[in-house]
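# Structural features, examined
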Amino acid sequence: MPVGYYRLLRHHARFTRMEPYKNWSREELIARLQQLDPHHDRPRLPHQQLLRKAKPFDFGAYARRKIALKFTYNGIHYGGMEIQRDPVLPTVEGVLFDALVHTKLVDRDGGLDGCGWQRCGRTDKGVSAAGQVVSLWVRSGSSVKTLAADASEAPEASQYTQTSASEEASTSQDAPGLEGDFGLLDDFDEPPTNASLPTNSPPKESEEDPATYIYKLNHILPPTIRILACSPVADDFSARHSCRWRHYKYFFSPQGLDLAAMSDAASRLVGDHDFRNLCKIDPCKQITVFTRRILHASIDPVDPARPTGMHVFNLRGNAFLYNMVRHIMAILFLVGTGLEKPSIVSALLNVDPENPLPPFRPGEPAPPVVTSKPEYIIADPFPLMLWDCGYDDGALDWRVDQTRPSQGSGESWKSPVPGMACAHERAVIGAMLEEHFLKATEPYYERPRPYFPIGAPGVEPLAPGGMMALPLGGGTTKRAATYTPLLQRKRALPAEQLNERYRLGRGAKKLQRRAAANAVANDDVDE
């Protein structure tokens, strides 16, 4: 039989089954439905009453413990580290806090202040971290009744752990900051890291290992955020104030750059310097001290076995200013292209006419005094990463969850490595695809002529009417036909004038409210 015949039979069968109900009355149809539904006579409750009411979780019935979390995140997917009121993109802090709430480790009603949340640094949109650290109080597995006998013997929590985030910010005025700069920072006028309070060793624990939190959180978090390790910490530990140094990495391609000149310029950063010309001055912070200490600065290949491959700017210091790393990297790019000499770094650090810097090395002229910042575009945030944070020996005891090892492998089934390896492979494949897209254009288009580094062998001078692409990092460039040296550009107002203008202008009311809040906070502390 043809296929259409069977299709017709099926349609006729449906029509035949429905035919008896066509002439039924409404009452007959309802009676038939009641006959088919054996539970039709049960009372119907509102939809909300059908749902099982969740029993409120009593955080007060449990003790608290303080921990530190070390984690990574890909900043390109987030609108920054710090939680925001109405973010366009999700924030790292917001997503992590939601995961902690979901696992009932913290109480949402208390917010960040309620759990004593402290971050090592506050990142801007697009900036990543491989070693970000936060410290906080979380719910313990032991009940309050179980620990009641030990409570009288336990030492009191430090005054610092009982202050809110706003109170901490209010006590750190007019002093070198310790916040890491891999984007936007919060308080830039904190005490330097080496002046922070000493941190005690983590307490000995008799309850569950805090490393068990790692898998619980990673199971909830998106793959772009991964908890690496967890540590019990002392009550006075602060991921922010206890940090001794921060290490940042900025990745870049060496193509068209003089790496030797960039290394010379980077070496001039080491030591204590005034970095007001290498940061963004935010008048609402009212920062008056811009001296920071850089412990290490170098230009290195990412893979020593491939000296012509990708390179990284390694910067380690105990304190950083707002966008300081990206400002420095922008200057290093200008030096690498040959548009500026390495001595420009010495000039930008030479801000005090009363105490000018000497020549950086014998035979080099003394740098000119530059009291305010010339105008220039800072480097792109995408290649910037917080690589690691340094703390006192014994302050942390990083642990990982090694429960239930895989059969025959000895590897933890809860390890985040397999998922991160998959993400890495996809990124490598994506880069390979982009490379082949570029190769596909070669039969039809010429690549831009290289004009950098200026004066290098095989590099042509800029042709009349030509355009040069000034590197800004992350594959971004600024196209220009001419270049104005930094010291000949228009300069911003000195920091003192910017602060005064803000105090007398739109910031007057805000500063008054801040002073009143500080007075109340100080009164509370004194009591």
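Residues numbered from 1 in each chain as written. Predicted model: local features only at pLDDT ≥ 70, side-chain atom pairs only at ≥ 80, totals over all residues. Heavy atoms only, no water.

### Considerations on the overall build of the protein chain
Filter applied, for reference: Only DSSP runs of H or I covering at least 4 residues are called helices, and only runs of E covering at least 2 are called strands; the numbering of each starts at the N terminus. Partly exposed describes any residue whose relative accessible area lies between the buried limit of under 20% and the exposed limit of over 50%, with all areas from a 1.4 Å probe on protein chains only and scaled to the type maximum. Contacts: residue pairs with any heavy atoms within 4.5 Å of one another. For the accessible areas, the method is Shrake-Rupley and the probe is 1.4 Å, while residue cover comes only from the protein chains on display.
The helix and strand tally for the protein chain stands at 14 helices and eleven strands. Residues counted as buried form 41% of the 527 residues belonging to the protein chain. When contacts within the protein chain are restricted to residue pairs at least 6 apart in sequence, long-range pairs at least 24 apart make up 72% of them. Put simply, the protein chain shows about 30100 Å² of open surface, and 56% of that area lies on carbon and sulfur atoms.

### Examining the environment of Arg 449
Following the sequence through the fold, Arg 449 ends up in the loop between α12 (417-441) and β10 (468-473). Spatially, the C-alpha atom of Arg 449 lies 8.8 Å from that of Met 468, the residues being 19 residues apart in sequence.

### Focus: the pattern of salt bridges
Note that side chains of opposite charge can pair when their charged atoms are close. Applied cut-off: Salt-bridge detection follows one rule: a side-chain nitrogen of Lys or Arg within 4 Å of a carboxyl oxygen of Asp or Glu.
Inspection of every chain in the model, using the stated rule, returns 18 salt bridges. Residues joined by salt bridges that share partners form a network here, namely Glu 82, Glu 93, Arg 119 and Arg 122.

### Thoughts on the side chain of Arg 246
Inclusion rule: Throughout this description, a polar contact denotes any pair of N or O atoms lying within 3.5 Å of each other; where both atoms belong to protein, one of them has to be capable of donating a hydrogen while the other can accept it, and for residues adjacent in sequence the pair is counted only when both atoms sit in side chains.
Mapped onto the secondary structure, Arg 246 falls in strand β5 (residues 245-252). Of note is the side chain of Arg 246, whose polar atom sits 2.9 Å from the backbone oxygen of Cys 120.

### Considering the confidence of the model for the protein chain
The predicted coordinates should not be examined in detail at positions where pLDDT is low. Applied cut-off: Confidence per residue, as judged by the predictor, is encoded in pLDDT with a range of 0 to 100.
Averaged over every residue, the pLDDT of the protein chain is 81; the share at 70 or more is 75%. Here helix α7 (residues 165-170) is the element of the protein chain with the lowest mean pLDDT, 39, and helix α9 (residues 259-267) is the one with the highest, 98. Counted against residues more than four places away or in other chains, residues 151-196, with its pLDDT under 50, gives 145 contacts. Note that residues 520-527 has pLDDT below 50 and, in this model, three contacts with residues that lie over four places away or in other chains.

### Side note on the packing of aromatic side chains
As a reminder, the rule being used: Ring geometry is summarised as follows: Phe, Tyr and Trp rings, the Trp one being its six-membered ring, pair when their centres sit within 6.5 Å, and such pairs are stacked at plane angles under 30 degrees, edge-to-face over 60 and tilted between the two. Only Lys NZ and Arg CZ are tested; either one counts as a charge over a ring when it is within 6 Å of the ring centre and within 35 degrees of the ring normal.
Under the definition given, this model contains eight aromatic pairs. Their ring planes at 65 degrees and their centres at 4.9 Å tell us that Phe 57 and Phe 59 sit as a pair that is edge-to-face. What makes Phe 57 partly exposed here is its relative accessible area of 30%. Of the residues examined, Phe 59 reaches a relative accessible area of 22% and is grouped as partly exposed. An aromatic cluster is defined as three or more aromatic residues linked by ring pairs; in this entry it consists of Phe 57, Phe 59 and Tyr 62. Sitting above the plane of the Trp 387 ring, Lys 249 keeps its charged end 5.3 Å from the centroid. A cation over an aromatic ring shows up here: Lys 373 above the ring of Tyr 376, its NZ or CZ 5.8 Å from the ring centre.

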